[in-house]
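Here is what each chain is made of, one letter per residue.
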Amino acid sequence: MGNFLVWVVWVAAAFACLGSAVAVITFANPFYSALALVGNLGSLAVLYLLLSAEFVAAAQMLVYAGAVMVMFLFVIAYLGGRAETPWAGGPGWQAVAAVGAAGALLVEIVVAVGLKAGGRLSEEADVDAFFGGPHEIGRLFLTDHLLAFEITSIVLLIAAIGGVILGSNARSGPESTGGSPARAGGTRSPAPSISAAQPPEGEAAR
Amino acid sequence: MMGPEINAYLILAAFLFATGALGVLIRRSPLIVLLSLEIMLNGANLALIAFSRRFGEIDGQIFALAVMAVAASEVVVGLGLIVAMARRHLDLDVDKLTTLRG
């Protein structure tokens, strides 16, 4: 009975996962795409629970479906709903080539998994109840994978600095030329559009 | 637990990755391209966690958490770029962003 229930949950989560992934890339409105991605992340968290990765599932819901997607929705709301037809320009050679490339990628992965590792991946290792819990993951992060942990924090710090620089670069008007190298690089774009766009933003910033 | 085999998770991860790649290649809005990138990263994450379950080692989950942090950083920088583009009144169309072409 428990076996059957696991299968039901797996099939439901797998179909929700694939369906929402297809919905993300087919919806014309980016807002609906982002909401479909939230569904995708949620069904993936269910699959992580089935794989006894409880901490990763919780982090997925909190970090991805919570923080990252809220940021996405804020930006989409800020930019306004600029709907774009998904298959713009009809089925041109670009779309055909894209479908072909994605199909080739899929076939390649499936063949690699099936041929190279088909039989050896059928069984699972025996794990205890603490597998995937925060205790084990925290212990590994602070012992075996300490370097990865620290590098991850540096990556996040650099991303935060990059976000601040990109934001201030977009906000600063033409009067702030000759600042940091990032700003100097930013001023290479056509000046009239900057001066036309920036004064209201500068006023809002003050 | 006698659920689906690890193979099934890996095939699902391959389908997710291919769907994300199709989205990256076929869509023109950089927002949707970023969302499709998230799908690709999640496909890789699913494969990592499935392998972690297969071998009974937790290192795959550590890797998945690191991928999650990289994805969050990528979203921050990508959304910053998109907002900067929108403020300069550039078209949000990856086919028209050709000024960085070498």
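None of these values were measured; they are calculated from a predicted model.

Digging into the overall build of chain B
- Along the backbone of chain B there are three helices and zero strands.
- Tracing chain B from N to C terminus, the helices and strands come up as α-α-α.
- At 17 Å, chain B has a C-alpha radius of gyration far larger than the 13 Å of a compact globule built from 102 residues.
- With the C-alpha coordinates of chain B rotated into their principal frame, the extents come out at 55 × 25 × 25 Å.
- Here chain B holds 102 residues, and the buried ones make up 51% of them.
- Relative to all contacts within chain B whose residues are 6 or more apart in sequence, the contacts with residues 24 or more apart total 48%.

Overview of helix α1 (residues 6-26) of chain B
- A rise of 1.5 Å per residue sets the reference length of α1(B), with its 21 residues, at 30 Å; its end C-alpha atoms lie 30 Å apart and thus fit the reference within 8%.
- Within α1(B), 16 of the 21 residues are buried, which leaves the element mostly enclosed by the surrounding structure.

Digging into the interface of chain B and chain A
- Taken together, the 66 residues of chain B in the interface contact 79 residues of chain A.
- No other element matches helix α3 (residues 59-87) of chain B, which puts 21 residues into the side of chain B that touches chain A.

Things to note about the confidence of the model for chain A
- Averaged over every residue, the pLDDT of chain A is 78; the share at 70 or more is 73%.
- Throughout residues 174-206 of chain A the model reports pLDDT below 50, and contacts reaching past four residues in sequence, or to other chains, amount to 27 contacts.

Considering the environment of B:Ile6
All names here are of chain B.
- In this fold, Ile6 is placed in helix α1.
- Residue Ile6 is classed as buried on the basis of its 23 C-beta neighbours within 10 Å.
- Each C-alpha atom of the pair Ile6 and Ile49 lies 9.9 Å from the other, and the pair is 43 residues apart in sequence.

With respect to the nonpolar core
- By size, the foremost hydrophobic cluster in this structure holds 65 residues, and its most contacted members are A:Leu47, A:Tyr48, B:Tyr9, B:Ala13, B:Leu46, B:Ile49 and B:Ala50.
- Put simply, the parts of the chain that give this core at least two residues each are α1 (2-26), α2 (30-50) and α3 (54-79) of chain A together with α1, α2 (30-55) and α3 of chain B.
- Setting aside residues no more than four positions away along its own chain, B:Ala13 makes contact with B:Gly43, B:Leu46, B:Ala47 and B:Ala50.

Considering the packing of α1(B) against α2(B)
Residues and elements named next belong to chain B.
- Two elements in contact, α1 and α2, have axes separated by 8 Å at closest approach and are oriented at 165 degrees. Taken together, the axes of α1 and α2 lie roughly antiparallel to each other. Of the two possible hands of crossing, α1 and α2 adopt the one that is left-handed.
- Each residue belonging to the contact of α1 with α2 can be placed in one class, and the counts come to 18 nonpolar, six polar and two charged.

Quick notes on unusual backbone geometry
- Positive phi, normally seen in glycine, also occurs at A:Ser52, with a value near 55 degrees.
- Position of A:Ser52 among the secondary structure elements: in the loop between α2 and α3.

Quick notes on the packing of α2(A) against α2(B)
- Where α2(A) meets α2(B), the axes come as close as 10 Å, and the angle between the chain directions of the two elements is 5 degrees. Viewed along their axes, α2(A) and α2(B) adopt a mutual orientation that is roughly parallel. Of the residues in α2(B), those touching α2(A) at A:Pro30, A:Ser33, A:Ala34, A:Leu37, A:Asn40, A:Leu41, A:Leu44, A:Leu47 and A:Tyr48 are B:Leu31, B:Ile32, B:Leu35, B:Glu38, B:Ile39, B:Asn42, B:Leu46 and B:Ile49.
- Here the residues of the contact of α2(A) with α2(B) are counted per class, giving 13 nonpolar, three polar and one charged.

So, how was this worked out
- Residues numbered from 1 in each chain as written.
- Chains lettered and ligands numbered in written order.
- Predicted model: local features only at pLDDT ≥ 70, side-chain atom pairs only at ≥ 80, totals over all residues.
- Helix = DSSP H or I, 4+ residues; strand = E, 2+ residues; numbered from the N terminus.
- Rg over C-alpha atoms; globule rule 2.2 N^0.38 Å.
- Buried ≥ 20, exposed ≤ 12 C-beta atoms within 10 Å, placed from the backbone.
- Contact = placed C-beta atoms within 7 Å.
- Expected span 1.5 Å × (residues − 1).
- pLDDT = per-residue confidence, 0-100.
- Core = buried A, V, L, I, M, F, W, Y, C linked by C-beta atoms within 7 Å.
- Axes fitted to C-alpha atoms, helices over the stretch in contact; angles between N-to-C directions.
- Parallel < 35°, antiparallel > 145°, perpendicular 65-115°, else oblique.
- Left-handed = near helix turned anticlockwise from the far one by under 90°.
- Nonpolar A, V, L, I, M, F, W, Y, C, P; charged D, E, K, R; others polar.

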